[in-house]
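Coordinates in review
Here is how the chains run, residue by residue.
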There are 4 protein chains.
Amino acid sequence: MADTAVLLLNCPDQTGVVATVADFVWRNGGNIIDAEQHTDDVDGEFFQRVEFTLADFAHDRDELPSALAPLAERFGMDVRIRYSADRPRLAILASRAPHCLVDLLSRWSAGELAAELSLVVSNHPDHADLAAFHGVPFVHAPVGDDPAAQDRSVRTLLVDAGIERVVLARYMRILSPEFVDTFPNRIINIHHSFLPAFVGAEPYRQASERGVKVIGATAHYVTAELDEGPIIEQDVTRVSHRDSVDDLARAGRDLEVSVLARALRADLGNRVLVRGRRTIVFH
Amino acid sequence: MADTAVLLLNCPDQTGVVATVADFVWRNGGNIIDAEQHTDDVDGEFFQRVEFTLADFAHDRDELPSALAPLAERFGMDVRIRYSADRPRLAILASRAPHCLVDLLSRWSAGELAAELSLVVSNHPDHADLAAFHGVPFVHAPVGDDPAAQDRSVRTLLVDAGIERVVLARYMRILSPEFVDTFPNRIINIHHSFLPAFVGAEPYRQASERGVKVIGATAHYVTAELDEGPIIEQDVTRVSHRDSVDDLARAGRDLEVSVLARALRADLGNRVLVRGRRTIVFH
Amino acid sequence: MADTAVLLLNCPDQTGVVATVADFVWRNGGNIIDAEQHTDDVDGEFFQRVEFTLADFAHDRDELPSALAPLAERFGMDVRIRYSADRPRLAILASRAPHCLVDLLSRWSAGELAAELSLVVSNHPDHADLAAFHGVPFVHAPVGDDPAAQDRSVRTLLVDAGIERVVLARYMRILSPEFVDTFPNRIINIHHSFLPAFVGAEPYRQASERGVKVIGATAHYVTAELDEGPIIEQDVTRVSHRDSVDDLARAGRDLEVSVLARALRADLGNRVLVRGRRTIVFH
Amino acid sequence: MADTAVLLLNCPDQTGVVATVADFVWRNGGNIIDAEQHTDDVDGEFFQRVEFTLADFAHDRDELPSALAPLAERFGMDVRIRYSADRPRLAILASRAPHCLVDLLSRWSAGELAAELSLVVSNHPDHADLAAFHGVPFVHAPVGDDPAAQDRSVRTLLVDAGIERVVLARYMRILSPEFVDTFPNRIINIHHSFLPAFVGAEPYRQASERGVKVIGATAHYVTAELDEGPIIEQDVTRVSHRDSVDDLARAGRDLEVSVLARALRADLGNRVLVRGRRTIVFH
């Protein structure tokens, strides 16, 4: 794959945006290999993802923001610039349950994740060997008597390691607002439920008691409001009266693994734009 | 298909139930063609569905209940007896939206529903021609100034017609407790949502605002508590940011049609047992 | 919805196409409300669907082709122009099975299909009343002793009626090559199988004998090679050993209905491009 | 979970089987905790799975077969007896692709598989560290110049190790008829396709060229006829024109992992009966 740049942009819907952006890329020697757009009819906002080749592109990384500035100003546009060659530094936070962590480490080892997996952090010591097997540094951050101190120290650890994306792989701690604000829309959580149903603890017990015929899992960006962050990906699986709470939990684990992996792939592919409580996930 | 009887039974879990019931059927000349059982590990209740042939069976309809009585007493068993030759008298209640009504009428005309479709009732006059096309009596029951009176008159209408099953095919009225009590676990509703998410009005607008990636539909028996009745069937479909509220509603309609049809088929096949807020749906 | 035009174009992949097309639309007063593109990496072909508003557009229908000609020539581009205001004249061909026909007529009556439903043709007389109920002309075209004559007469009927799209709604006749050539990529068939599995007759019997756990349905454009036309839409449903051939057929009917409806919606929304044996289906 | 025994039986359909089996279990002190049955209407064969508690059961393992013999003879019945306490000795055969192997090892380490994982064998040396990490013996069995010798030596290895179940986790070798006959209906393969579509090599390339909208995976018992063994489990995932052959392969890998795991779970749970080319998979 040739190196590409991705523009993720949004602005009030107006005529000429698509043509002007395409013209900007083309005049500067880029070839658009993928472009996708969306207009939110409710609030009149326009969103676009434009990916173009860099081989003959006129501007390097230092220049591109200022080259784009007049265009952005003209349309009142927010622009984020990403490069396919960049591999964001990624940390995975886990607790005792291994399934999501195992899956992400395996995918990373198989070259499926476009990221630099820099760190595994856990409030339990269990997964040190697993991380070592995959050659990823592991930090045990026990909670002890002072949960706030643990939250601070993990945050500091991530900041010091230059972490750009955080994945909560069944991490059973609630992050402080300071933690969340340090990584805005950069923390992905997997919730073991089809949100907004069964918010909170023990969703599989709740699901069993309600007798639902379908259970789900939800991957979302973490915001200060618990379980209310923008949803990136969801999926479900059928269940029946035969499934005990344990069966639901096991089926749920498989679902969590696949939903989290798909959400992370979308995020790392620079295909997600956030708008309030909602996401636009381009292909 | 040969004529069969179905026993739907439940009792506290204990040894010997399966063998004793099988023996009863066999000694009396029935051949068990399907038997399925379930034990609820939480409250220790045993459930079974036993279907057997009637060709050489010793007891006719009048005798079977008393023939079963000693067995039921011994195990503390609730038994319902159903006959495959029976076609329960069915009424469909609808409002303006035609999709579920159209589908059920078509399935009934195609011979897919094991019921006697006796009546279509609507609070709007719209579907008179459709019902007539399928040869089903139609009653227009407008709400007018006195909703309670309409509820009473529809209830009376159904009772007088000897209705045994009621399907709310997007009927936009809340039934009175008296209505619900007249047909305990005999009224099936289709809720345009994946319960327990988005309870209440305008679920597709709620789903759009929350940015979910999956929408659902739920068929359930109607109880006095709105949207809390035992769930018979649920299903979902994937959606994306591209789907407007109208798109969600259209995808939801297709889902409602298929979920309601499957739930009704399970009910008419005598395959559903209700236990508190939950159902056991045998195959 | 405002009136729009849709350009469906393809050409060898090259720089500048996206920018030039966007610029053409914009300079002529159109606002692009949706654009999606795809590059086939195998044969290096570029595909795009561009939808733009017509309110302030400079060219009317007579002028647009020649206004686009220089651009098309420069890039070696095939361009098809469609207008959202156009409702293509549609004919449905059916045999005895009613399910797809009932569904399409109901959707059409509900305003879901962006087409003028001009004609229902069947080799059986059964559906005359149904068509009449929906106010659509019905023609009975029995096969009799001369199948080729029937094929010719149906073709002539469609041509004389100015039919632009043909849907085979479980029409159990094989069309002649002349018939197919008269409507290139304009005839949509629903095949009661997950192609390429179970090509040919009695797929549900084949599926049952092979013991598959999933059955499918496939909607495709009809070409001279039977069951080999470009696939527009497919879907599947789970089955088990409990399902008899009849059960598979019934589950298959529900699948056929929904797959055919989705394929037709994509086609009528001008979202399908055909490339050899494959389709590009834009959103 | 209490220790249980499972009877997997089949015989020509006839009256009295269900009652007699239930009576046998009960008279001998067993409590039936699950019973499921199926009658194949085509060839008139009856199948049943009966699971009962052993705590107060009269017969030990040595006695049960002869205790059952009169009953089996009377009905012309095949009976297999399994015990929930048994954990069959399992070998996994793999080649270069790690995904199914990684998943099965992780599930085994997490206690999800009711088996003794005795051996990982591969024709490549790659996965030695992975097996060691999970504490499972690994044997490298290179093919070299004499494929038949390798087939023989792997077979001998499995026989000597007392292996009772073999999983082909993307093992890219065709087993000899002698190998297959050594483990009749004891070898589970995952085929990277929705059989019977795309039999043979490179199914994802075939799927891409055919332009299908759905891809699948199939887990089946291995028989002498390649890709024709009884299907245990299948599943599918949606794809589109945007998916390259690589994308299809990646989506396919996730599907293979989950389909193989579900098939193995059914097999180890003693829930699968084979009848010719078909399986009955009880819950």
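Quick summary incoming for the structure in this document. Quick caveat, the model's predicted, so the values are computed rather than measured.

It is worth spelling out the interface of chain D and chain C at this point. Taken residue by residue, the interface counts 26 residues in chain D and 26 residues in chain C. Breaking the side of chain D that touches chain C down by element, the ones donating at least two residues are β10 (214–221), β11 (231–238) and β13 (278–281) of chain D. The dominant element in the side of chain D that touches chain C, judged by the number of residues it contributes, is β11 of chain D, at five residues. Here the residues of the side of chain D that touches chain C are counted per class, giving 10 nonpolar, eight polar and eight charged.

What follows covers the interface of chain B and chain A. Each partner contributes residues to the interface: chain B has 26 residues there, and chain A has 26 residues. Elements that contribute at least two residues to the side of chain B that touches chain A include exactly β10 (214–221), β11 (231–238) and β13 (278–281) of chain B. Ranked by residues supplied to the side of chain B that touches chain A, first place goes to β11 of chain B with five residues.

Mapping chain B onto chain A calls for a screw motion: a turn of 180° about the axis and a shift of 0.0 Å along it, with 0.0 Å RMSD after fitting. A rotation of that kind, with that shift, is consistent with a two-fold axis. When each C-alpha of chain B is compared by its distance to the rotation axis, Ala197 of chain B comes out closest, at 2.3 Å. Most of the interface of chain B is mirrored in chain A: 100% of its interface residues are interface residues there too.

Quick look at the nonpolar core now. Ranked by internal contacts, the top residues of the largest apolar core, which has 327 residues, are Ala169 of chain A, Ala169 of chain B, Ala169 of chain C together with Ala169 of chain D. Contact partners of Ala169 of chain D, with chain neighbours within four places excluded, come to Ile92, Leu93, Ala94, Cys100, Leu101, Leu104, Ile190 and Leu260 of chain D.

Glancing now at the sheet that holds strand β6 (residues 116–122) of chain C. All names here are of chain C. The seven strands lie next to each other as β7-β6-β5-β8-β9-β10-β11, forming an open sheet whose pairing is mixed. In this open sheet, the two strands that pair with only one neighbour each are β7 (138–140) and β11 (231–238). Ignoring strand direction, the axes of neighbouring strands in this sheet form an average angle of 15°. Across three bridges, the pairing between β6 and β7 is parallel. When the sheet's bridge partners are listed, Val121 is paired in β7 with Val139.

All names here are of chain D. Ordered by their spatial adjacency, seven strands build an open sheet running β7-β6-β5-β8-β9-β10-β11, and the pairing between neighbours is mixed. Looking at which strands have only one partner, the edges of the open sheet turn out to be β7 (138–140) and β11. On average, adjacent strands in this sheet sit at an angle of 15° to one another, irrespective of strand direction. Looking at chain direction, strand β9 (residues 187–191) and β10 are connected through four bridges and run antiparallel. When the bridges of β10 are listed, His191 appears paired with Thr218. Running at roughly 135° to strand β8 (residues 165–169), helix α3 (residues 99–109) makes contact with β5 (89–94), β6 (116–122), β8 and β9 of the sheet.

Conventions and cut-offs
- Residues numbered from 1 in each chain as written.
- Chains lettered and ligands numbered in written order.
- Predicted model: local features only at pLDDT ≥ 70, side-chain atom pairs only at ≥ 80, totals over all residues.
- Contact = placed C-beta atoms within 7 Å.
- Helix = DSSP H or I, 4+ residues; strand = E, 2+ residues; numbered from the N terminus.
- Nonpolar A, V, L, I, M, F, W, Y, C, P; charged D, E, K, R; others polar.
- Least-squares fit on C-alpha atoms with pLDDT ≥ 70 in both.
- Core = buried A, V, L, I, M, F, W, Y, C linked by C-beta atoms within 7 Å.
- Buried ≥ 20, exposed ≤ 12 C-beta atoms within 10 Å, placed from the backbone.
- Pairing = 2+ DSSP bridges.
- Axes fitted to C-alpha atoms, helices over the stretch in contact; angles between N-to-C directions.

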